[in-house]
There are 2 protein chains.
Amino acid sequence: MDHATHTHAKAPQGKGADPTRIERLCIERGLKMTGQRRLIARVLSEAEDHPDVEELYRRAIALDSKVSIATVYRTVRLLEEKGILERRDFGGGRSRYDPADRGHHHHLIDVDTGTVIEFEDEEFERLVEGIAARYGFTLVQQRLELFGKKADAAPDARRRPGPGAGPGAKKDGE
Amino acid sequence: MDHATHTHAKAPQGKGADPTRIERLCIERGLKMTGQRRLIARVLSEAEDHPDVEELYRRAIALDSKVSIATVYRTVRLLEEKGILERRDFGGGRSRYDPADRGHHHHLIDVDTGTVIEFEDEEFERLVEGIAARYGFTLVQQRLELFGKKADAAPDARRRPGPGAGPGAKKDGE
DNA sequence: CTACGTGCAAAGGATTTGCCAGGCT
DNA sequence: AGCCTGGCAAATCCTTTGCACGTAG
């Protein structure tokens, strides 16, 4: 778990107080850092879940209402191209974003509650490397998503997707 | 390329010829089998790949031009809900479909060519069961996608050393 | 100062749905 | 004959984009 960045520089200088992990990465990649990008970078750095664009937008305007959803889309796309963010799809029509610097992990989604559990597994890593090698491939990326339900609690919650996208975890319980 | 049906060349695909796997499943699930559903079932049964709705539609009208894309969407969604089809997302904005009765398999996508290789792996199955159990879950569904490139045949001459690090080669779906 | 970022709204692509006609059991 | 399906097009949902202006470097 990464705790808050305890950089001593806390001078209340408007906004550019302590550069977040994401912001630092942006600068490294030579991105022009504007107020809204800094804001979005901060939201992303503080996110511990996998927010979609709408959610990012909501969190951003909560801090500073001078961002448009279009900018969030643009920024998120830019960061993805720069390898700073990873776009995920848990099957809900909307893309979810995951800071790439958080390390490799996979997801276990509770189909009843929509909760997303992150996990890592060395054995799995070795296994897939082996599978790829078996076909003469070198892995560039991998995606593992497990959808399950709590072994004990099995209240059949019939959730109708309704007008929208298919079934999927819409909330990232947090 | 698809070849002409050499079985009953006389009967213009009336119905009741040879019920396809998918059609049989539909009947088992108590679905009303209409002409277009039978048609779509046939297309799906014959598909060896992972077509998207548009592709299914194309193949369907090639056999019988009396289907609308809306029906394909509806049918495909219905079959997914009945567990006859599995919806996949290889990242291209469109959903791809996979008959669930083909057995459990995963995908290895060649990021250079877009080729999709299917594979199964018992060890993997055991491993994920274990991971789920570790968190007290029973697996309902799982998704494993490997993206890689050929280890040998990859004389990629387009080395693009960008600012900072990261390949950034974003060759998304087809 | 110049190139690039941003806002707004309209465009766009994929998928869904209302309504009425028609087919399957 | 009834209920459900299928067509068509309008409606949604998510995401992208054109244009005019503000700002980082």
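Calculation criteria
Residues numbered from 1 in each chain as written. Chains lettered and ligands numbered in written order. Predicted model: local features only at pLDDT ≥ 70, side-chain atom pairs only at ≥ 80, totals over all residues. Heavy atoms only, no water. Near = heavy atom within 4 Å. Polar contact = N/O pair within 3.5 Å; in protein donor to acceptor, adjacent residues only side chain to side chain. Helix = DSSP H or I, 4+ residues; strand = E, 2+ residues; numbered from the N terminus. Least-squares fit on C-alpha atoms with pLDDT ≥ 70 in both. Contact = heavy atoms within 4.5 Å. Buried < 20%, exposed > 50% of the residue type's maximum accessible area, 1.4 Å probe, protein only. Pairing = 2+ DSSP bridges. Nonpolar A, V, L, I, M, F, W, Y, C, P; charged D, E, K, R; others polar. Axes fitted to C-alpha atoms, helices over the stretch in contact; angles between N-to-C directions. Buried area = accessible area lost by both parts, 1.4 Å probe. Salt bridge = Lys/Arg side-chain N within 4 Å of Asp/Glu carboxyl O.

**Q** Just checking my understanding: could you explain the protein's contact with DNA strand C for this structure?
**A** In the vicinity of DNA strand C lie 23 residues, with Thr34(A), Lys66(A), Thr71(A), Tyr73(B) and Arg94(B) positioned nearest. Considering DNA strand C, the proportion of its atoms within 4 Å of the protein that are sugar or phosphate atoms stands at 71%. Contact between DNA strand C and Lys32(A): a sugar or linking oxygen at 3.2 Å from a side-chain N or O atom of the residue. Contact distances for DNA strand C include 3.4 Å between a base oxygen and a side-chain N or O atom of Arg74(B). Residue assignment for the surface near DNA strand C shows that the elements contributing at least two residues are α2 (35-46) and α4 (69-81) of chain A together with α4 (69-81) of chain B.

**Q** Is there a simple way to think about the relation of the copies chain A and chain B in this case?
**A** With an RMSD of 0.5 Å, the fit of chain A onto chain B corresponds to turning through 179° and sliding 0.1 Å along the axis. The two molecules are tied by a two-fold rotation axis, judged by turn and shift. Taking C-alpha positions as the reference, the residue of chain A nearest the rotation axis is Leu144(A), at 2.2 Å. Both copies contact each other with a shared surface, as 79% of the interface residues of chain A are interface residues in chain B too.

**Q** Mind showing me how you'd approach the environment of Asp98(A) here?
**A** With respect to the helices and strands, the residue Asp98(A) is situated in strand β2 (residues 96-99). Discounting residues that sit within four places of it in the chain, Asp98(A) has contacts with His50(A), Leu85(A), Glu86(A), Arg88(A), His105(A) and His107(A).

**Q** Before we go on, may I ask you to explain the pairing of strand β2 (residues 96-99) of chain B in this structure?
**A** Residues and elements named next belong to chain B. Side-chain alternation along β2 places Arg96 and Asp98 on one buried face and Tyr97 and Pro99 on a second face that is also buried. Sheet analysis places strand β1 (residues 85-88) next to β2, joined by four bridges and oriented antiparallel. Considered in β2, the bridge of Arg88 is made with Arg96.

**Q** Before we go on, may I ask you to explain the protein's contact with DNA strand D in this structure?
**A** Near DNA strand D there are 19 residues, and of these Tyr73(A), Arg94(A), Thr34(B), Lys66(B) and Thr71(B) occur at the shortest range. Taking all atoms of DNA strand D within 4 Å of the protein, the share assigned to sugar and phosphate is 73%. Between DNA strand D and Arg37(B), the relevant distance is 3.0 Å, taken from a phosphate oxygen to a side-chain nitrogen or oxygen of the residue. Breaking the surface near DNA strand D down by element, the ones donating at least two residues are α4 of chain A together with α2 (35-46) and α4 of chain B. The element that contributes the greatest number of residues to the surface near DNA strand D is α4(A), accounting for four residues. Classifying every residue of the surface near DNA strand D gives five nonpolar, six polar and eight charged.

**Q** I keep staring at the sheet that holds strand β4 (residues 116-119) of chain B and nothing clicks. Help me out?
**A** Consider a sheet: its strands pair through backbone hydrogen bonds, and that pairing is either parallel or antiparallel. Pairing in this open sheet of six strands is mixed, and the strands run β4(A)-β3(A)-β5(A)-β5(B)-β3(B)-β4(B) from one edge to the other. A strand with exactly one partner marks an edge of an open sheet, and here the two such strands are β4 (116-119) of chain A together with β4 of chain B. Ignoring strand direction, the axes of neighbouring strands in this sheet form an average angle of 20°. Of the strands in this sheet, β3 (106-110) and β5 (137-150) of chain A together with β4 and β5 (137-150) of chain B are in contact with helix α5 (residues 122-134) of chain A, which crosses β5(A) at around 130°.

**Q** When you look at the interface of chain A and chain B in this model, what are you seeing that I'm missing?
**A** Accessible area lost upon the coming together of the parts serves often as the stated size of an interface. In this complex, chain A contributes 43 residues to the contact, which on the side of chain B involves 40 residues. Counting the surface lost from both chain A and chain B, the interface buries some 3700 Å², and carbon and sulfur atoms represent 62% of this. Here chain A is connected to chain B by four salt bridges. Between Asp121(A) and Arg134(B) there is a salt bridge, and its shortest N-O distance comes to 2.9 Å. One can count six residue pairs in polar contact (both at pLDDT 80 or more) joining chain A with chain B. Mapped by element, the contributors of at least two residues to the side of chain A that touches chain B are α4, β3, β4, α5 and β5 of chain A. At 14 residues, the largest contribution of residues to the side of chain A that touches chain B is made by β5(A). Residues belonging to the side of chain A that touches chain B are distributed by class as follows: 19 nonpolar, eight polar and 16 charged. Pairing of β5(A) with β5(B), which is carried by 13 bridges, proceeds in the antiparallel orientation. If you follow Leu139(A) over to β5(B), its bridge partner there is Gly148(B).

**Q** For this particular structure, what's the right way to read the pairing of β5(B)?
**A** Residues in a regular strand point their side chains to alternate faces of the sheet. Sheet topology places strand β3 (residues 106-110) of chain B next to β5(B); four bridges connect them, and they run parallel. Following the sheet pairing, Asp110(B) is matched in β5(B) by Gly148(B).

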